Amino acid sequence: QVQLVESGGGLVHPGGSLTLSCAASGFRFDLYDMKWYRQTPGKERELVAYISNAGTFTNYADSVKGRFTISRDNAKNTVYLQMSSLKPEDTAVYYCNAQRSTTYWGQGTQVTVSS
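This text gives an overview of the structure that appears in the document.

Our next topic: the pairing of strand β4 (residues 33-39). Summarising burial for β4: five of the seven residues are buried, a large majority. The sheet contact formed by β4 and strand β9 (residues 92-99) spans seven bridges and is antiparallel. Its bridge partner lying in β9, Trp36 is registered against Cys96. Pairing between β4 and strand β5 (residues 46-51): five bridges, direction antiparallel. Each bridged residue has a counterpart across the sheet, and for Trp36 the counterpart in β5 is Ala49. Hairpin connection from β4 to β5: six residues lie between these consecutive antiparallel strands, with Gly42 at a positive phi of about 85°.

As structure tokens, then:
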């Protein structure tokens, strides 16, 4: 069955770094564009970063540009989100998303930025 499993979340101090991973299975990963979203309680899910299926194109929310990097390894069916210079406002549950004609979601991983 289709699975997207995020990992790498945790507690980090402001200014720190963290790398999230999302391992995909059950579908043709290399055909799907991938995205990272985040959500905090009471707010809508926010698109953070996008990468095209071949990794050719990327795009970022203004709030994370220059601090976050999305990448993928199609041989490993995995997408990554490298996060640096983290701020308390980056605290959220982070979800990976696979999109083509069908959309798949992971279960999310908590990132907490706090001193």
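Now for the pattern of salt bridges. All told, the structure shown has five salt bridges when counted by the stated rule. The closest approach of N and O atoms between Arg38 and Glu46, which form a salt bridge, is 2.8 Å. Note on Glu46: relative accessible area 31%, which makes it partly exposed. For Asp90, the salt bridge identified is with Arg38, shortest N-O distance 2.9 Å.

Rules used throughout
- Residues numbered from 1 in each chain as written.
- Predicted model: local features only at pLDDT ≥ 70, side-chain atom pairs only at ≥ 80, totals over all residues.
- Heavy atoms only, no water.
- Buried < 20%, exposed > 50% of the residue type's maximum accessible area, 1.4 Å probe, protein only.
- Helix = DSSP H or I, 4+ residues; strand = E, 2+ residues; numbered from the N terminus.
- Pairing = 2+ DSSP bridges.
- Salt bridge = Lys/Arg side-chain N within 4 Å of Asp/Glu carboxyl O.

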